[in-house]
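Here's the letter readout for the chains.
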Amino acid sequence: MDNKNNINELYKLNPKFSTPKKKCIFGTGMHARQTYVDLSAQGVRIDYFVDMEVSDSEASYMGLPLISEEKLKELNASVIIASTSWEDISERLTQQGITDLYVDLHRYGEVEVQDGYLCSVGKYSMERDTLYILCPAGIGDTLYAAAFARATKEYRSMEHVCLITKVSHACIGDFFEGVDEVIASSQLTEQLDLYSIATKTWYLKNYIYGHFKKNLCQTFDNEYTENKNLPILSYYKRLILRIPYKSRPDSFHCELRDIAKSQIAEMMGKNKQFAILMPYANTAKMLPVELWEKCADLLINDGYCVYTNVKDAAEQAIAGTLPLCEGIYDMAGICKQAELTISVRNGMCDVLAMSKAPLIILDTDKDFYEKWNTKPLNQNVVHVKCFETETEDIWQEVLYQYKRFRSR
């Protein structure tokens, strides 16, 4: 059965959604949550979530009743399927007489695999002589996957390496000569991420899934947790890209191009030396503003012009500093020319460490402090422990490290 002929495309809401019928989302994973958020933002009211089997009659999900597939048959409802297995689910529900079905085909796409090769994903055609490395996560994860592109190409005997990244991370491929091409598409990245997790497809002859979190709960897989003592670079080289231990040392495979001087940095440095504060991160908690204000006062009193890295108007510059909103590539060039950057631990820290920028990193997470220390990338980087530590103690350590930096 060709289920595409029996499914309503959800990407642009069908007029049927204006009817008074109950509306259900089939699924309870990450993408069911995202679908719920997307539809709620468009003013669509969802009444139930549905899963195949629900043992508790009063179960709930996202604050809504969670019902079983069996219970769904009793409702005259519109069903939005939020799963990569939407074809199987829609066929099963149709056989049960449930026919008012919807799916976001633009989100899930069509993935074609033949003879162990990734052939196409929706409108994208894939070449058999190109190795595609999917980078579904953050800046740092994309950076490390890209860092070993040349080594992976050599080991897999491929002539061409293409990164598949979110639009916001596309410039990371420009840092490395081993990256021949970048497909910057957040939609394609999400589609392949969904496909790999749903089918447990991590490797094909021309495809690598480039991350440790291989489930919808976004938790690390067992191979990661069983190799706690590996250095940061080896996690990617050994566990993701499968480059064997007998190959050359990590440092020879992790080669960052010289970052071009930033015109923005040259303009910033015309009148006086400058420093950067990076207090914001998507994956780290915010340290007290008072700590950042002390850092700003310290740098300003020493004669620096101080900037706060912000992504948009919602993020405020620290008092006494100027806002700075630039992309990843320009920020790398700016920080390399800055006298110092003080940053909460985030993906940009990996880029800056690899580019040899002078850097003090404030670690708010014990796992990152212990396992993802950037010292192997840049011996001049300083990590400051900010977890299980009082703000005043953090400040004293920052002050101590800053004085050491100034004395060099």
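Read on for a plain summary of the structure.

Criteria and cut-off values
Residues numbered from 1 in each chain as written. Predicted model: local features only at pLDDT ≥ 70, side-chain atom pairs only at ≥ 80, totals over all residues. Heavy atoms only, no water. Buried < 20%, exposed > 50% of the residue type's maximum accessible area, 1.4 Å probe, protein only. Helix = DSSP H or I, 4+ residues; strand = E, 2+ residues; numbered from the N terminus. Pairing = 2+ DSSP bridges. Right-handed = clockwise from strand over helix to strand, strands pointing away. Patch = residues over 30% accessible without salt bridge, like charges linked within 9 Å, V, L, I, M, F, W, Y side chains within 5 Å. Areas by Shrake-Rupley, 256 points an atom, 1.4 Å probe, with all protein chains shown as cover. Salt bridge = Lys/Arg side-chain N within 4 Å of Asp/Glu carboxyl O. Lys, Arg positive; Asp, Glu negative; His and termini not counted. Charge placed at Lys NZ, Arg CZ, Asp CG, Glu CD. Phe/Tyr/Trp six-rings, centres within 6.5 Å; stacked < 30°, edge-to-face > 60°. Disulfide = S-S within 2.5 Å. 1 Å grid on protein atoms, 1.4 Å probe; cavity = no way out; pocket = protein on both sides within 12 Å on 5 of 7 lines; lining within 4 Å. Points joined across faces, edges and corners; volume = space filled by probe spheres on them.

## Topic: the pairing of strand β16 (residues 274-278)
Now for step 1: For β16, the buried fraction is high: five of the five residues fall into the buried class.
Now for step 2: In this structure, β16 lies alongside strand β17 (residues 305-309), joined through four bridges in parallel fashion. Paired with alanine 275 across the bridge in β17 is valine 306.
Now for step 3: Read from β16 through helix α12 (residues 289-301) to β17, the crossover connection turns out right-handed.

## Side note on a negative patch on the surface
Now for step 1: On the surface, Glu127, Asp129, Glu159 and Glu181 cluster together to form a negatively charged patch.
Now for step 2: Judged by its relative accessible area of 34%, glutamate 181 falls in the partly exposed class.

## Quick look at the packing of aromatic side chains
Now for step 1: The full count for this structure, using the stated rule, is 13 aromatic pairs.
Now for step 2: Measuring from ring centre to ring centre gives 6.2 Å for phenylalanine 212 and tryptophan 372, while their planes differ by 65 degrees; the resulting arrangement is edge-to-face. Within this pair, whereas phenylalanine 212 is found in the loop between β15 (207-209) and α8 (222-225), its partner tryptophan 372 is found in the loop between α15 (366-371) and β21 (382-385), the two being separated by 160 residues in sequence.
Now for step 3: Taking the relative accessible area as the measure of exposure, phenylalanine 212 reaches 2% and is therefore buried.
Now for step 4: Here the aromatic cluster, defined as three or more aromatic residues joined through ring pairs, consists of Tyr144, Phe212, Tyr236, Phe368 and Trp372.

## Quick notes on the state of the cysteines
Now for step 1: Under the criterion given, the structure shown has zero disulfides.
Now for step 2: With no disulfide partner, cysteine 135 has as its closest neighbouring cysteine sulfur the one in cysteine 162, 9.5 Å distant.
Now for step 3: A residue is classified by how much of its surface remains accessible, and cysteine 135, at 1% relative accessible area, is buried.
Now for step 4: The class for cysteine 162 is buried, based on a relative accessible area of 0%.

## A look at the layout of surface pockets
Now for step 1: In this structure, the largest pocket encloses a volume near 1,500 Å³.
Now for step 2: Forming the walls of the largest pocket are 47 residues, and the residues nearest its centre are Gly138, Ile139, His169, Asn282 and Thr283.
Now for step 3: If you list the elements that add at least two residues to the lining of the largest pocket, you get α1 (30-41), α5 (139-147), α7 (186-199), α13 (328-337), α14 (347-354) and α15.
Now for step 4: By residue number, the principal contributor to the lining of the largest pocket is α7, which donates five residues.

Everything listed here is a matter of geometry and, on its own, says nothing about what the molecule does.
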